[in-house]
Every structure is written in C-alpha cells, then in structure tokens.
Amino acid sequence: PAVASLRAGAYDFVVKPLDLGVLGHVVLRALQHARLDREVRRLRQEVAAREYPRTLVGASPPMRALLRRLAKAVESDASVLVTRESGTGKELVARALHDAGNRKNGPFVAVDCASIPAPILESELFGHVKGAFTDARTDRRGLFVEANGGTLFLDEIGEMPLQLQAKLLRALQQRLVRPVGSNGSIPFDARLVAATNRDLEDEAAQGRFRRDLYYRINVVQLEMPPLRARGNDVLILAQHFLAESAARSGKHVDGFVHGAAQKVLAYDWPGNVREVENCIG
C-alpha cells in the first residue's frame, strides 16, 4: 500500500505505531515541498510570460530598484558608473543603457582596462599615427572615435594607471582625443559608461585613483546587487539560462525538478550571475 500510494502521488508515509515527532517532521517537509513547487511554477510562468533582456532577468526588490534608476539614466546622456562585485552583469547593464537610449543606432564599443597593458591601452583608446612607435605602421583611430554617435564602455576602469587616468580626464573634459604621436586633436561624440568592482572613492582616498576623474565618470551611479541579495531571482536566472541552453541544443526542457531547484536556491553563488550561467550552460 505504501509503494502504491507513492506511485499515485503521495509525498511520504509513516508507519505504525505512530510517532508524533516523525509525523510532524514529515508534515513540515511536505509543506516546504509544496511551497517550493508553487514557487517554481510561479517563476516558470513569469519567465514564459515575459521576454527578459539577457541580463536584467529578475523580479526582486533590488533588481526593480536598479531598473528604475536605469530607466532614469537612459533619459540623459550623462556618464554612468556601474559598480559592485564581479560577475553581477555590469557590462549587460551598459548594453541595456545603450540599447534603450537615443544612441542605440550608434556603435557600442567595449574595452577591458584590466586586460591591456597601459601603453597599448592608450593607443586603443586614443588612436595613434603612423610611426608613433615601432609597430605603428599605419594611422589608427582610437575607440573614442570609433564610438562616435554611440557608447564607449570602459570595464574595470579602476585598473587604469594614474598617468592614463590624467589623459582620460582631459579627453572627457575637452571632448577631444589626441592620438599617440600626433600634434593635433580629434573631437568625439560618445557617451561614457564605466564599470568597476573596486570602491573608487576609497581608491581615490588612497591615491590610487584620481578624485577628479571619479567625479567626472560618476555622474550617475548604478549599483548591481550581488546575487545573494536577490532572493529567488537565482531560480529565474537558472530557468532563463536553462531555456537558452536547451534552445541552442534543440531540446525541450520544462524546468528544474524539485531537488535541483532546492539546490539552486540553497547555494550562495559567490560568482554571481556569471557563475549561474556557466553552471547551467
């Protein structure tokens, strides 16, 4: 009878003689199971009913607050600083700003300031003229000029050397860039969005980041909440990435079973959204 009941859909069973402690534990687990099942169904319906932007997936209060601030930032052309931990989706916020703004028909140009040595980064940003250095065989436009009419995204700006920070500040103040080795300057028209996982105010106090540049790029600040502060958003994200992965492989997947959903919710996800995507994808 017990096996037949389980096959028919019963959650669990207790044996005689009845132990009230065991019964209470089984009932508690059954209630928790039912609550989680309802939550999974609700989140599946929410994902199915709404076509989310790729990273702005979530319905938690921190994400709703971020989206409200982002909507206001879209309406202006001011410089934006996106902050907080690695893996939270800062570049995707920059892309959302670009795609929803009046520069959406222009280019979106991104550069990782942490991955490029300072001399090369200067040439990447501002361009160079032929003969400016050994490998400069032709003139090259910098990324500021390439981003004309669009958005320039400087990721990990906190890693930029102080000497280059001074040149960046001058370019932003004058809306002009001087290519390496050139005597002339070139105007540019690009919105700047920067991102960092450092506390730039503290970096400025320690002399590692120019305070005047910090004020210049921090006209609007958008803080990406870490995933551990976003509650059930992690399950929405996992469902989102699972659907993407299934679509790429041509498979149909309804969602997570109860046990998998429990594990997704229980884990802390220190790598934030990037870790969820890498795990599910």
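Look up: the structure comes first, before these words.
Residues numbered from 1 in each chain as written. Predicted model: local features only at pLDDT ≥ 70, side-chain atom pairs only at ≥ 80, totals over all residues. Heavy atoms only, no water.

Draft legend 1. Focus on the packing of helix α5 (residues 118-126) against helix α7 (residues 162-174). Interhelical geometry of α5 versus α7 gives an angle of 10 degrees and a closest axis separation of 11 Å. Between α5 and α7, the angle is such that the two are roughly parallel. Where α5 abuts α7, its residues A118, L121, E122 and F126 lie against L164, K167, L168 and A171. Considered class by class, the residues forming the contact of α5 with α7 number six nonpolar, no polar and two charged. (Axes fitted to C-alpha atoms, helices over the stretch in contact; angles between N-to-C directions. Helix = DSSP H or I, 4+ residues; strand = E, 2+ residues; numbered from the N terminus. Parallel < 35°, antiparallel > 145°, perpendicular 65-115°, else oblique. Contact = heavy atoms within 4.5 Å. Nonpolar A, V, L, I, M, F, W, Y, C, P; charged D, E, K, R; others polar.)

Draft legend 2. Focus on a positive patch on the surface. On the surface, a cluster of positive charge is made up of R64, R68, R69 and K72. Mapped onto the elements of the fold, R68 is located in helix α3 (residues 61-74). On the basis of relative accessible area, R68 is assigned to the exposed category, the value being 53%. (Patch = residues over 30% accessible without salt bridge, like charges linked within 9 Å, V, L, I, M, F, W, Y side chains within 5 Å. Areas by Shrake-Rupley, 256 points an atom, 1.4 Å probe, with all protein chains shown as cover. Salt bridge = Lys/Arg side-chain N within 4 Å of Asp/Glu carboxyl O. Lys, Arg positive; Asp, Glu negative; His and termini not counted. Charge placed at Lys NZ, Arg CZ, Asp CG, Glu CD. Buried < 20%, exposed > 50% of the residue type's maximum accessible area, 1.4 Å probe, protein only.)

Draft legend 3. Structural detail: the sheet that holds strand β8 (residues 191-196). With parallel pairing, five strands are arranged side by side in an open sheet as β2-β5-β8-β1-β9. Here the strands that pair on one side only, and so sit at the sheet edges, are β2 (108-112) and β9 (220-223). Looking at each pair of strands side by side, their axes are set apart by 20 degrees on average, direction ignored. As defined by bridge partners, strand β1 (residues 80-83) adjoins β9 across four bridges and the pair is classed as parallel. Bridge assignment links L81 to a residue of β9, and that residue is Q221. Along the sheet face, α3 touches β8 and β9 and points at about 155 degrees away from the line of β9. (Pairing = 2+ DSSP bridges.)

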